Amino acid sequence: MPQLMINHLPPQKNLQMIATVSEEADTTPSWQQQLADVVTDSDELLQMLELSAVKASLYLPKGFGLRVPRSFVRKMQKGNINDPLLRQVLPNVQETTAVSGYVPDPLLEHAHNPISGLLHKYQSRVLLTVTGACAIHCRYCFRQHFDYQANVPKQAQLLAIQHYITAHPDINEVILSGGDPLSVSNRRLFGWLDALEALPQISTIRLHTRLPVVIPDRLEAALLTRLAASRCQIVMVIHSNHANEIDTQTLQALREASSYGLLLLNQAVLLKAVNNTLAAQMALSQRLFAAQVMPYYLHLLDKVAGAAHFDIHQQEAIELYWQLLKHLPGYLVPKLVQEVPSHPFKMPVDIFQGRSS
Ligand SMILES: *Cc1c(COP(=O)(O)O)cnc(C)c1O
Ligand code: SF4
């Protein structure tokens, strides 16, 4: 995935960025500059967080390396090696431990991949992996071993995708995903929107993206205006795991997006030592609500190789969920789900198992 970023973000941007910042220190870099100028060096990250002393335990992964935008780093607590945001991005040597049951492709997605870049698992919706690139590398990501380069639709496949959708009249919703669909240029993104809006059967276009949380400036007026002008319903499912990810700037950007009439939802992954407490989950739901984002899904971790240290026992997840049901209004409780390969929908977790009431 890091190689992919280089393809559409020329490295000279990094230099431009440095020049701009030193000349006019109070100018915020554009989202494109922020996307190009991410932190990829663990030493630099730890230095920024005043954590240089923990250097010794650093681990440098070969493939899916550290990648984190500076605006996300600024939301981390200085001096705290256990910061819940840091834990999501800092490579950990535990990733190298093979744990039985944790595999490279836990969802067997290749079984639902009729055309390169198109996943058709659920009857009425298809998912397009429009890019392999992400602004951030989340250590628990189930796609971390996935060969995106081979599975990103090329312009020539656009017609094939349109034909596939037309041949399946049950499809009424298209999900733009990745990678992160908001890491591509507006020109490319709007090209996808144009192509999908041209299909009368499509009533909803959904974006699954972490960009609003990691680089809130991505929610620029040009993007929001284009989305608001769509003849389709637009749903944006953001991906935030912790209330600290939604600082004032992010909150304002999300509220702005909401004011354009987009439906904003959130999906999170339940992660050990990140958000597996009642306090963390309540704060997340309440903070999302303040940003006009409704909690949608809380996923149990997909059992991907290298992420076992983020997993919690299913029974612990169920106990936590009961607490959420008790403490939050129904509309702030996300659905607790688990992805089961080849199942026709995201599987609700049976919250009565192992309990007497
Ligand atoms: C999660 C997912 C969807 C969307 O599922 P919803 O329950 O509608 O949110 C669609 N396709 C694939 C392949 C998915 O993984
Ligand atoms: S943003 Fe999403 S797809 Fe990208 S690394 Fe994180 S979890 Fe994976």
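Residues numbered from 1 in each chain as written. Chains lettered and ligands numbered in written order. Predicted model: local features only at pLDDT ≥ 70, side-chain atom pairs only at ≥ 80, totals over all residues. Heavy atoms only, no water.

A. How the structure looks around helix H10 (residues 221-228). The set of residues buried in H10 consists of Leu223, Leu224, Arg226 and Leu227. On an axial view of H10, the arc spanned by its buried residues comes to 160°, and they lie on one face. Contacts from the buried residues of H10 go to helix H8 (186-197), strand E4 (204-209), strand E5 (233-239) and helix H11 (248-259). (Buried < 20%, exposed > 50% of the residue type's maximum accessible area, 1.4 Å probe, protein only. Helix = DSSP H or I, 4+ residues; strand = E, 2+ residues; numbered from the N terminus. Arc of directions from axis to C-beta. Contact = heavy atoms within 4.5 Å.)

B. The arrangement of the domain arrangement of the chain in detail. Per the domain assignment, the segments of the chain are domain 1 (11-18 + 28-96) and domain 2 (109-348). Centre-to-centre separation of domain 1 and domain 2, based on C-alpha positions: 23 Å. Across the contact, 26 residues belong to domain 1 and 34 residues belong to domain 2. At the boundary of domain 1 with domain 2, total buried surface from both sides reaches about 2,600 Å², with 58% on carbon and sulfur atoms. Ranking the residues of domain 1 by area buried against domain 2 places Trp31, Phe64 and Gln88 at the top, with a combined share of 32%. The interface formed by domain 1 and domain 2 contains 1 salt bridge. One salt bridge in this structure joins Glu95 and Arg139, with 2.9 Å as the shortest N-O distance. The tally of links between domain 1 and domain 2 comes to 19 residue pairs in polar contact (both at pLDDT 80 or more). Elements that contribute at least two residues to the side of domain 1 that touches domain 2 include exactly helix H3 (31-36), helix H5 (70-73) and helix H6 (84-89). At 5 residues, H6 tops the list of elements feeding residues into the side of domain 1 that touches domain 2. Classifying every residue of the side of domain 1 that touches domain 2 gives 15 nonpolar, 7 polar and 4 charged. (Domains from an automatic or database assignment. Buried area = accessible area lost by both parts, 1.4 Å probe. Salt bridge = Lys/Arg side-chain N within 4 Å of Asp/Glu carboxyl O. Polar contact = N/O pair within 3.5 Å; in protein donor to acceptor, adjacent residues only side chain to side chain. Nonpolar A, V, L, I, M, F, W, Y, C, P; charged D, E, K, R; others polar.)

C. Region of the structure containing the pattern of salt bridges. Tallied over the full model, the rule gives 12 salt bridges. For Arg70, the salt bridge goes to Glu44, with nearest N and O atoms at 3.0 Å. Taken together, the residues span a long stretch of sequence, with Arg70 in helix H5 and Glu44 in helix H4 (residues 42-48) at a distance of 26 residues. The exposure class of Glu44 is partly exposed, given its relative accessible area of 28%. Two residues, Glu245 and Arg210, come together in a salt bridge whose shortest N-O distance is 3.1 Å. With Glu245 in the loop between E5 and H11 and Arg210 in the loop between E4 and helix H9 (211-214), the pair connects residues that are 35 residues apart, well separated along the chain. According to the relative accessible area criterion, Glu245 is buried, its value standing at 0%. Residue classification places Arg210 among the buried residues on the basis of a relative accessible area of 5%.

D. Spotlight on the site of ligand 1. Taken together, Lys121, Tyr122, Arg125, Leu127, Ile175, Arg206, Tyr296, Tyr297, Glu339 and Lys346 form the complete shell of residues around ligand 1. In this structure, Tyr296 approaches ligand 1 through a side-chain N or O atom, which is 2.7 Å from an oxygen atom. Considering ligand 1 on its own, with 380 Å² of exposed area, one finds that the protein chains cover 93% of that surface. Contributing elements (two or more residues each) for the shell around ligand 1: strand E1 (118-122), strand E2 (125-129) and strand E7 (294-299). For the shell around ligand 1, the class distribution of residues is 5 nonpolar, no polar and 5 charged. (Near = heavy atom within 4 Å. Areas by Shrake-Rupley, 256 points an atom, 1.4 Å probe, with all protein chains shown as cover.)

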